[in-house]
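Structural features, examined
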2 protein chains.
Amino acid sequence: MQTLSIGELSELSGVANQAIRFYEKEKLMPAPQRTEANYRRYPMDAVARLQFIVHAKQWGFTLDEIRELLILQDANGDRAQAKRIAEEKLHKIREQIKHLSRIEAVLSRTLAECTGEGPMQEGCPIVEAIAGQEE
Amino acid sequence: MQTLSIGELSELSGVANQAIRFYEKEKLMPAPQRTEANYRRYPMDAVARLQFIVHAKQWGFTLDEIRELLILQDANGDRAQAKRIAEEKLHKIREQIKHLSRIEAVLSRTLAECTGEGPMQEGCPIVEAIAGQEE
DNA sequence: GATAACCTTAAAGTCAACTATAAGGTCAAG
DNA sequence: CTTGACCTTATAGTTGACTTTAAGGTTATC
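Each chain has its residues counted from 1, running along the sequence as written. Chains carry letters from A onward and ligands carry numbers from 1 onward, assigned in written order. Only residues with pLDDT of 70 or above have their local features reported here, since the model is predicted, and side-chain atom pairs are shown and tallied only from 80 upward, although totals for entire chains, interfaces and linings are computed over all residues. Side-chain measures were taken over the full set of non-hydrogen atoms in the model, leaving aside hydrogen atoms and water.

Pairing between two strands is assigned when DSSP locates at least 2 bridges connecting them. Labels follow the DSSP assignment, with helices taken as runs of H or I lasting at least four residues and strands as runs of E lasting at least two, numbered in each case from the N terminus. In space, the three strands of this open sheet follow the order β1-β3-β2 (chain B), with antiparallel pairing throughout. Each edge of the sheet is formed by a strand with only one pairing partner; in this case those strands are β1 (3–4) and β2 (33–34) of chain B.

Bringing the protein's contact with DNA strand C into the picture now. Throughout this document, a residue counts as near a molecule or strand when at least one of its heavy atoms sits within 4 Å of that molecule or strand. Near DNA strand C lie 20 residues; those nearest to it are Y23(A), Y39(A), G7(B), R21(B) and R40(B). Near-protein atoms of DNA strand C (within 4 Å) split between backbone and bases, with sugar and phosphate holding 75%. Note that a phosphate oxygen of DNA strand C is positioned 2.7 Å from one of the side-chain N or O atoms of Y23(A). Polar contacts, as counted here, are pairs of nitrogen or oxygen atoms within 3.5 Å of one another; within protein the pair requires one atom able to donate a hydrogen and one able to accept it, and residues that are adjacent in sequence qualify only if both atoms are side-chain atoms. Between a phosphate oxygen of DNA strand C and a side-chain N or O atom of K57(A), the distance comes to 3.4 Å. Here the surface near DNA strand C gets four residues from one element, more than from any other, and that element is helix α2 (residues 17–25) of chain A. Think of it as three bins: nonpolar holds Ala, Val, Leu, Ile, Met, Phe, Trp, Tyr, Cys and Pro, charged holds Asp, Glu, Lys and Arg, and polar takes everything else, Gly as well. Tallied by class, residues from the surface near DNA strand C come to nine nonpolar, seven polar and four charged.

Moving on: helix α1 (residues 6–13) of chain A. Residue and element names in this part refer to chain A. For every residue, the accessible area obtained with a 1.4 Å probe (protein chains only) is divided by the maximum for its type, and the residue is called buried under 20%, exposed over 50%, and partly exposed between those limits. Among the residues of α1, I6, L9, S10 and S13 are the ones counted as buried. Projection of α1 onto a plane perpendicular to its axis shows the buried side chains occupying an angular sector of 100°, all on one side. With its phi angle positive at about 80°, G14 sits one or two positions after the end of α1. Working definition: the arc comes from the directions between the helix axis and the C-beta atoms, pointing outward to the latter.

In this section: the protein's contact with DNA strand D. Neighbouring residues of DNA strand D: 20 residues in total, closest G7(A), R21(A), R40(A), Y23(B) and Y39(B). When atoms of DNA strand D within 4 Å of the protein are sorted by moiety, sugar and phosphate together comprise 72%. Separating a phosphate oxygen of DNA strand D from a side-chain N or O atom of R21(A) is a distance of 2.6 Å. Elements represented by at least two residues in the surface near DNA strand D include exactly α1 and α2 of chain A together with α2 (17–25) of chain B. Considering every element that reaches the surface near DNA strand D, the biggest residue donor is α2(B), with four residues. Each residue belonging to the surface near DNA strand D can be placed in one class, and the counts come to nine nonpolar, seven polar and four charged.

Okay, the pairing of strand β3 (residues 40–43) of chain B next. Within a regular strand, the side chains alternate between the two sheet faces. Residue and element names in this part refer to chain B. With burial as the criterion, only one face of β3 is covered, namely that bearing R40 and Y42; the residues R41 and P43 on the opposite face remain uncovered. With two bridges joining them, β1 and β3 adopt antiparallel strand pairing. Of the residues in β3, the one forming a bridge with T3 is P43. With two bridges connecting them, β2 and β3 associate as antiparallel partners. From the neighbouring strand, Q33 faces β3, where its bridge partner is R41. Between β2 and the antiparallel strand that follows it, β3, lie five residues; N38 among them carries a positive phi value of about 75°.

Turning our eyes to something else, we now look at the UniProt feature "domain: HTH merR-type" (unreviewed entry) in chain A. Following the UniProt record, one finds the feature "domain: HTH merR-type" (unreviewed entry) at residues 3–72 of chain A. The straight-line gap between the two end C-alpha atoms of residues 3–72 of chain A is 25 Å; of that span, 57% is helix and 11% is strand. UniProt positions are given in the numbering used here, feature names are shortened, and annotations may be inferred rather than shown by experiment.

Attention now goes to the packing of aromatic side chains. Residues and elements named next belong to chain A. Side-chain rings of Phe, Tyr and Trp, where Trp is taken by its six-membered ring, are said to pair if the distance between their centres is within 6.5 Å; with planes under 30 degrees apart they count as stacked, over 60 as edge-to-face, and otherwise as tilted. As enumerated under the stated definition, the model contains two aromatic pairs over all chains in all. Taken together, a centroid distance of 6.0 Å and an interplanar angle of 50° make the contact between F22 and Y23 tilted. A relative accessible area of 8% places Y23 in the buried class. Stacked on the ring of F61, the Lys or Arg K89 has its end atom at 5.6 Å from the ring centre. Whether a charge sits over a ring depends on NZ of Lys or CZ of Arg being within 6 Å of the ring centre and within 35 degrees of the ring normal.

Rendered as structure tokens:
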């Protein structure tokens, strides 16, 4: 079976060498076999594992959460737990969207009111909106 | 005119002493007067300034951006510049909402498909969705 | 006059997720 | 047999917004 050096794995996955070593230290990537000269040698499926990590990051999962998912996979664990992790993430994402939407609403309303003319003192709508908001 | 110690200002504003000193170092709060014993003494309106900072942070402004706004206010500067800062922020917020909404859509669709039953190996929809997505 | 509750500074630590640097070992090409 | 491209480890630096720690000075109270 063909194996990969860390540089080759980096090329194929688009993840920097140092990041790969970092993931190993953080237990996201398993420690690979070594050559006589102590060089890392990865199996081909290491590429897919790295890409899983990259994608999960794009989805907003933290490395801690990704590690949980990977441990479940490695242990051939319970699908219900993976679902729970994803549900928590979905909940957090919806909260973030809500928070940002509230800000978006107030800020765009404020900007619509603001001509952008005149000096700051006495009643710049932007400053007043920030200063005067409650929550 | 009544003045405040840093502890009193902290109480009234809800901002920790060390954070207040940090804002001073970062030029968000002006250096206040000192007593003979070198204790800081704040004017009452320091409370409002701190609350402006807190609110702006809640809106997602960074300290750099808040400093810009405060400098504009202090200099009684151009309202157009404040508007520009707010417009940039609004743009960034809308980008974030778009990004999160895409994730939300895929994740909620995936979760709807997932019964949460069975083992991880071979076809857990969550894992497959993360592993197989393009972008 | 001692104890506690304040205040002062400077420097280091925190979190996440790496990146960069230093100091060296290995391997293929010419 | 040397040059350069790769690999190794450990340690330090990055960003943002602080918090924590250390080591001390001041003020109010008993």
